[in-house]
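Chains, contacts and geometry: an overview
Chain by chain, the residues run as shown.
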Amino acid sequence: MDLNLKNLFTKNTRILVTGGAGFIGGCLIRRLLCETDSKVFNIDKLSYASNLSWLNLHKNKSNHTLIKVDLKDLKNTKEAIEKINPDFVFHLAAESHVDRSINGPHTFIESNIIGSFNLLTALRIHWEKLTPIRKERFRLLHISTDEVFGSLSDNGHFNENTKYDPRSPYSSSKASSDHLMKAWHHTYGMPIIVTNCSNNFGPWQYPEKLIPVVISKILQNKKIPIYGNGLNVRDWLYVEDHINALIVIAKGGINGSSYCIGGYGEMNNIKLVNEICKILDKQMNQTIDSSELIEFVDDRKGHDKRYSIDSSLITKEFKWKPQNNFKTNLETTVNWYLNNQHWFN
Ligand SMILES: NC(=O)c1ccc[n+]([C@@H]2O[C@H](COP(=O)([O-])OP(=O)(O)OC[C@H]3O[C@@H](n4cnc5c(N)ncnc54)[C@H](O)[C@@H]3O)[C@@H](O)[C@H]2O)c1
């Protein structure tokens, strides 16, 4: 797997990451700042899910420019794109929490659909004016989710040919944005690639997603809520492995294609929560069994049963695979939250 970023992005490359104040975008920007000398621009509306506290400590922070813009605003988006003048774009800005989309879908439509449409509109104006050399090198990676494919029963996996069947306001808004990306490639010839990944985990994830929620509940000795019977299955992808996949796809992916990124980490929720309890009890030398805090709560409306990704295309094409096993990544993640408990505040 070729992860060398310096032969893709030079000192003069202007990289735009949207949603770079979020969990995955932040991880991507840290990699770009560490491993390239490029200028990295970050368009983010700075929502409840944003955090840039890591930036103050970063030795290359002068290569990072934050532009606070909500992509739902076309005028501001156009102005930002004109100012940034990007060569390469990673589009991650989105409302990302399924439960919030069920309680308030409106923001998801604005951010994920209108926001992606506005970004495409602004980028098309920019791309059409580029010199032939820059136009040739320009690329937009749109980061999407496996949830656009719906829900699996006990067997089978999603792959690049799976038909779309989104079921929540979140997944349907992401599916819409995927279709816009594909249409802009097909109609206008814009160099766009779509990636569909499974559930990410790792340090810096906002504590509303399952893994940080469980850790925070245990640390506070509070009940750990688990939806339904806890048997819903997710394919857990370590965030650094996701970034590695984005790098190899940015380098070798074919414009107009989509790529599925899974973690080879399929597990049901109850097993995952028990694993976290075991790791934390061991790390904290606890004599109590934290799994006794587990409490089953009413299921999420329309809860998808199982997601599982067949990542064989990117494994075959780019030799991508997760660098460590799931248990090691989970231990690293739990330890990070243990050592950064202020994060929950
Ligand atoms: N976290 C996962 O498990 C996962 C899985 C599959 C796909 N994805 C996708 O990856 C991307 C990043 O996910 P994440 O977990 O880092 O999300 P996140 O919620 O942690 O961060 C998203 C960031 O986008 C910003 N944002 C949202 N709407 C915006 C708008 N209209 N204008 C400007 N900025 C806006 C937010 O302020 C936030 O900083 C999303 O597109 C998401 O759909 C995430």
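Above this note sits the structure.
What comes next is a walk through the structure. Computed from a prediction, not measured in an experiment: that's the story for all the values here.

1. Details of the overall build of the chain
Tallying secondary structure elements over the chain gives 11 helices and 13 strands in all. Computed over the C-alpha atoms, the radius of gyration of the chain is 20 Å, within 12% of the 20 Å expected from 2.2 N^0.38 for a compact globule of 345 residues. By principal-axis analysis of the C-alpha atoms, the chain measures approximately 65 × 45 × 40 Å. Counting the 345 residues in the chain, one finds 45% classified as buried. Considering only intrachain contacts with a sequence separation of at least 6, the fraction spanning at least 24 residues in the chain is 81%.

2. A look at the nonpolar core
Within soluble globular proteins, side chains that are nonpolar generally end up buried alongside one another. Core analysis: the largest hydrophobic core is formed by 78 residues, its most contacted members being Leu-28 and Ile-276. The contacts of Ile-276, once residues within four sequence positions are left out, are Ile-211, Val-214, Ile-215 and Val-334.

3. Details of the site of the ligand
Gly-19, Gly-22, Ser-47, Ala-94 and Ser-111 are the nearest of the 30 residues found near the ligand. Looking at the shell around the ligand, the elements with two or more residues in it are helix H1 (23-35), strand E2 (39-44), helix H4 (106-128) and strand E5 (139-145). The greatest single-element share of the shell around the ligand, amounting to three residues, is contributed by H1. By residue class, the composition of the shell around the ligand is 13 nonpolar, 11 polar and six charged.

4. Overview of the packing of helix H7 (residues 210-219) against helix H9 (residues 269-283)
Running from amino to carboxyl end, H7 crosses H9 at an angle of 45°, the nearest separation of the two axes being 10 Å. Classified by the interaxial angle, the pair formed by H7 and H9 is oblique. Seen from above, H7 lies across H9 with right-handed handedness. Along its contact with H7, which presents Leu-210, Ile-211, Val-214, Ile-215 and Ile-218, the element H9 presents Asn-269, Val-273, Ile-276, Cys-277 and Leu-280. Looking at the contact of H7 with H9, its residues break down into nine nonpolar, one polar and no charged.

5. Some details on the sheet that holds strand E6 (residues 192-197)
With respect to topology, seven strands assemble into an open sheet ordered E3-E2-E1-E4-E5-E6-E11, the strand pairing being parallel. Only two strands of the sheet have a single partner each, and these edge strands are strand E3 (64-68) and strand E11 (258-261). Neighbour-to-neighbour, the strand axes of this sheet turn through a mean angle of 20°, independent of strand direction. Strand direction decides the pairing type here: strand E1 (residues 14-18) and strand E4 (residues 88-91), joined by four bridges, are parallel. Pairing of Leu-16 across the sheet is with Val-89, part of E4. Against the sheet, helix H6 (residues 169-188) makes contact with E5 and E6, and its axis sits at roughly 155° relative to E5, the strand it touches most.

6. Section: the environment of Val-233
As for its position among the elements, Val-233 is in strand E9 (residues 233-235). Among the residues examined, Val-233 registers 19 C-beta atoms within 10 Å and is labelled partly exposed. Along the sequence, Val-233 and Gly-265 sit 32 residues apart, while their C-alpha atoms lie 9.9 Å from each other. Ignoring anything within four residues of it in the chain, the contact list for Val-233 reads Glu-266, Met-267, Asn-268, Arg-306, Tyr-307 and Ser-308.

7. Considering the pairing of E5
With seven of its seven residues buried, E5 lies for the most part within the structure. As defined by bridge partners, E4 adjoins E5 across four bridges and the pair is classed as parallel. Across the sheet, Phe-90 pairs through a bridge with Leu-141, a residue of E5. Examined bridge by bridge, E5 and E6 share six bridges and lie parallel to one another. Looking at the pairing, Leu-141 lines up with Ile-193 of E6. In terms of handedness, the path from E5 via H6 over to E6 forms a crossover that is right-handed.

8. Concerning unusual backbone geometry
Phi at Asn-221 is positive, roughly 55°, even though this residue is not glycine. Looking at where Asn-221 falls in the secondary structure, it is placed in the loop between H7 and strand E8 (224-227). Located in the positive-phi region is Lys-319, a residue other than glycine, with phi close to 60°. Here Lys-319 shows up in the loop between helix H10 (312-318) and helix H11 (326-339).

9. Remarks on H1
The end-to-end C-alpha distance of H1 is 19 Å, a good match for the 18 Å that 13 residues give at a rise of 1.5 Å each. Of the positions making up H1, those classed as buried are Phe-23, Ile-24, Gly-25, Gly-26, Cys-27, Leu-28, Ile-29, Arg-30 and Leu-32.

10. Let's talk about H11
With 14 residues, H11 should cover 20 Å at 1.5 Å per step; its first-to-last C-alpha distance of 20 Å lies within 8% of that length. For H11, the set of buried residues is Asn-329, Leu-330, Thr-333, Val-334 and Tyr-337. For H11, the buried positions fall inside an angular range of 135° around the axis, keeping them on one side. Residues of H11 that are exposed and point over 90 degrees away from its buried face: Lys-327, Thr-328 and Asn-339. Buried positions along H11 lie against strand E7 (200-201), H7, strand E10 (237-238) and H9.

Each value, and the rule that gives it
Residues numbered from 1 in each chain as written. Predicted model: local features only at pLDDT ≥ 70, side-chain atom pairs only at ≥ 80, totals over all residues. Helix = DSSP H or I, 4+ residues; strand = E, 2+ residues; numbered from the N terminus. Rg over C-alpha atoms; globule rule 2.2 N^0.38 Å. Buried ≥ 20, exposed ≤ 12 C-beta atoms within 10 Å, placed from the backbone. Contact = placed C-beta atoms within 7 Å. Core = buried A, V, L, I, M, F, W, Y, C linked by C-beta atoms within 7 Å. Near = placed C-beta within 6 Å. Nonpolar A, V, L, I, M, F, W, Y, C, P; charged D, E, K, R; others polar. Axes fitted to C-alpha atoms, helices over the stretch in contact; angles between N-to-C directions. Parallel < 35°, antiparallel > 145°, perpendicular 65-115°, else oblique. Left-handed = near helix turned anticlockwise from the far one by under 90°. Pairing = 2+ DSSP bridges. Right-handed = clockwise from strand over helix to strand, strands pointing away. Expected span 1.5 Å × (residues − 1). Arc of directions from axis to C-beta.

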